[in-house]
Amino acid sequence: MYDAEVGDDGRTDKLGRGEDPSVNNLEDVAAEVMGKEAALFCNSGTMANLISLLTHGTRGDNVLAGETCHINKSEKAPFMENIGGLIPRFFETDVFGAPDMDSIHQLMNDYEIKLLCLENTNNFMGGTCLSKEQMNTLCNVAHENGIPVHLDGARIFNASVYYDIPVKKLVKPADSVMFSLSKGLGAPMGSVLCGQKAFITRARKIRKLLGGSMRQSGVVAATGITAIQQEVDRLKEDHENAYLLAGMIKDNAKINIRMDAVQTNIVNVDVSSSGRSAKTIESDLLNKGLKVKSISDYKVRITTYRGVTRDDIIRAATIINAYFREC
Ligand SMILES: *Cc1c(COP(=O)(O)O)cnc(C)c1O
C-alpha cells in the first residue's frame, strides 16, 4: 500500500484502461488467474454483482437464480423494481444449494431467460461447492439456449482449494465471474469482476454510473495483488479449522450439523432443537466472547478466516458446548 503507484482510475485512455497503474496491475493479475480477457476492480462484491447483472440484462429481463442466493437474499438491488428492475425466476436447489436441472429446464420453457446466476461457494447453504463437472453441465445447458452465465464467486478460491484445481478451470464455462479480495483472501476491501473485453468495457461504464470509479484506489488494489498471489493456499487452514470446529460440536443434542456440507470455511448450525431462536443464540454467544451470525430463525452461521487460529477454534467449541449443555 505504501509503495503503490496511483492515479485516476476513473479517467480512461483510448484502450479503455484507467490511469491508476496499481489498479491496472490488479485487473491484469485477476484476469490472468481467472482465465478471462479482462477484469474490473470494484468497491465490493455487492457492487460487482450489480454491475455484472446490469451489464448482462436490462429492466424487465428474466434472470435464473437460487432463492437463497446472496444476490437475492442479501444484495437485492438487481431485482428491486426501482434499481435493477430485473425479474428473478427461482430454480429449485438441493440441500447444498446446487441448482436442480429439471427446474432450470422448466423455467427456460416458461420464460424468456436472459441470464443464469450461479454461486460458488454457496454462502447461505454453508460454503458448499459446485464441482467443475456441475459448473460445466449447468453452463452448457444455459449456453445451448443462448443464455450467458454470471458466477457469484465471492468465495470461488475456497472451492478451487476444496477440489484442489486451478480456479480458472472451475470458472471456465462462466461468462462473467466476481470474486472477493476481502474475505478469506484477507485484503482490506474490494472485489473483481472478470469477463470478456467487450463485457468489461460496458461494465466499466456502469461502474462509473454507480459511483464506483475511484481516484488513488491503487493503495487498495496493491493489497489485492498480494491477496491473489500469496493468500490462496492458506485458505485450507480455514477449511481445516471449520471442519475441526464442526467435529467438536456436532454431537451436541441441541444442535444439528450436516458434516457433508462442511466443505470450506463455513459451518451452518441448525439450532431448532435448542428451543431458542438463532437471534437469541447469536447474542448469548456474543456475551460469552464468540461472534456467530444468525442467518434464519433456526440457523446460525460460523465462519473461519485468517484471524482465527486453531486455538481459537478449541476455545469456540468449548464455549458452544458449555452453552448448549445449559440450554
Ligand atoms: C460476501 C458475498 C458477496 C458480497 O460481497 P460484499 O463485498 O460483502 O459486498 C456476494 N456474494 C457472496 C456469495 C458473498 O458471500
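Here, the structure is the one placed above.
Residues numbered from 1 in each chain as written. Predicted model: local features only at pLDDT ≥ 70, side-chain atom pairs only at ≥ 80, totals over all residues. Heavy atoms only, no water.

A.B. asks: Is there a simple way to explain the overall build of the chain in this structure?
C.D. replies: A tally of helices and strands in the chain yields twelve helices and ten strands. Since a compact globule built from 327 residues should have a radius of gyration of about 20 Å, the 20 Å found for the chain is in line with a globular shape. With the C-alpha coordinates aligned to their principal axes, the bounding extent of the chain is approximately 65 × 55 × 35 Å. Put simply, the chain has 327 residues, and 54% of those count as buried. As displayed, the chain offers around 15000 Å² of accessible surface, 48% of which is attributable to carbon and sulfur atoms. For the chain, the distance from the average site of its 38 positive side-chain charges to the average site of its 41 negative ones is 3 Å. (Helix = DSSP H or I, 4+ residues; strand = E, 2+ residues; numbered from the N terminus. Rg over C-alpha atoms; globule rule 2.2 N^0.38 Å. Buried < 20%, exposed > 50% of the residue type's maximum accessible area, 1.4 Å probe, protein only. Areas by Shrake-Rupley, 256 points an atom, 1.4 Å probe, with all protein chains shown as cover. Lys, Arg positive; Asp, Glu negative; His and termini not counted. Charge placed at Lys NZ, Arg CZ, Asp CG, Glu CD.)

A.B. asks: Explain the sheet that holds strand β7 (residues 191–195) to me, please; I cannot follow it from the model alone.
C.D. replies: Two orientations exist for strands paired in a sheet by backbone hydrogen bonds: parallel and antiparallel. If you trace the seven strands from one edge of the open sheet to the other, you get β1-β7-β6-β5-β4-β2-β3, paired in mixed fashion. Looking along the sheet, the strands with just one partner apiece sit at the ends: β1 (38–42) and β3 (87–91). Shown here is a sheet whose adjacent strand axes are inclined to one another by a mean of 20°, direction ignored. Two strands pair when backbone bridges link them, and strand β6 (residues 176–180) and β7 are joined in this way by four bridges, in the antiparallel orientation. (Pairing = 2+ DSSP bridges. Axes fitted to C-alpha atoms, helices over the stretch in contact; angles between N-to-C directions.)

A.B. asks: Explanation requested: the site of the ligand in the structure shown.
C.D. replies: As a matter of local geometry, the ligand sits amid 13 residues, with Gly45, Thr46, Asp152, Arg155 and Lys183 nearest to it. Between Arg155 and the ligand, the recorded distance is 2.9 Å, taken from a side-chain N or O atom to an oxygen atom. Against a free-state accessible area of 380 Å², the protein chains account for coverage of 85% of the ligand. Of all the elements in the fold, those that place two or more residues in the shell around the ligand are α2 (45–56) and α3 (70–75). (Near = heavy atom within 4 Å. Polar contact = N/O pair within 3.5 Å; in protein donor to acceptor, adjacent residues only side chain to side chain.)

A.B. asks: How should I be thinking about the sheet that holds strand β9 (residues 293–294) in this particular structure?
C.D. replies: Reading across from one edge, β8-β10-β9 is the order of the three strands in this open sheet, with antiparallel pairing throughout. The outermost strands of the open sheet, each flanked by one partner alone, are β8 (266–270) and β9. Sheet analysis places β8 next to strand β10 (residues 299–303), joined by five bridges and oriented antiparallel. What sits directly across from Val269, in β10, is Val300.

A.B. asks: Would you mind going over the packing of helix α6 (residues 156–163) against helix α10 (residues 235–249) with me for this structure?
C.D. replies: Two numbers describe a pair of packed helices, the interaxial angle and the distance between the axes. Two elements in contact, α6 and α10, have axes separated by 9 Å at closest approach and are oriented at 80°. As the angle between them shows, α6 and α10 are arranged roughly perpendicular. For the pair α6 and α10, the contacting residues are Phe157, Asn158, Val161 and Tyr162 in the first and Leu235, Lys236 and His239 in the second. Partitioning the contact of α6 with α10 into residue classes produces four nonpolar, two polar and one charged. (Parallel < 35°, antiparallel > 145°, perpendicular 65-115°, else oblique. Contact = heavy atoms within 4.5 Å. Nonpolar A, V, L, I, M, F, W, Y, C, P; charged D, E, K, R; others polar.)

A.B. asks: What is the right way to look at the pattern of salt bridges in this model?
C.D. replies: Summed over all chains, the structure comprises 18 salt bridges. With a closest N to O distance of 3.5 Å, Lys250 and Asp251 form a salt bridge. Given the relative accessible area of 33%, Lys250 is considered partly exposed. As a salt-bridge pair, Arg258 and Asp260 come within 2.7 Å of each other at their nearest N and O atoms. A single salt-bridge network, built from bridges that share partners, covers Glu231, Arg234, Glu237, Asp238 and Arg306. (Salt bridge = Lys/Arg side-chain N within 4 Å of Asp/Glu carboxyl O.)

A.B. asks: What is the right way to look at the nonpolar core in this model?
C.D. replies: In a soluble, globular protein the nonpolar side chains are often hidden away together inside. Of all hydrophobic cores here, the largest spans 48 residues; its most connected members are Met34, Leu116, Ile156, Phe157, Phe179 and Val192. In contact with Leu116, other than residues within four places in its own chain, are Leu64, Phe91, Ile104, Leu138, Ala142, Ile147, Pro148, Val149 and His150. Counting residues in each nonpolar core, the second largest holds 26 residues, with Ile257, Val267, Val271 and Val300 among its members. (Core = buried A, V, L, I, M, F, W, Y, C linked by side-chain atoms within 4.5 Å.)

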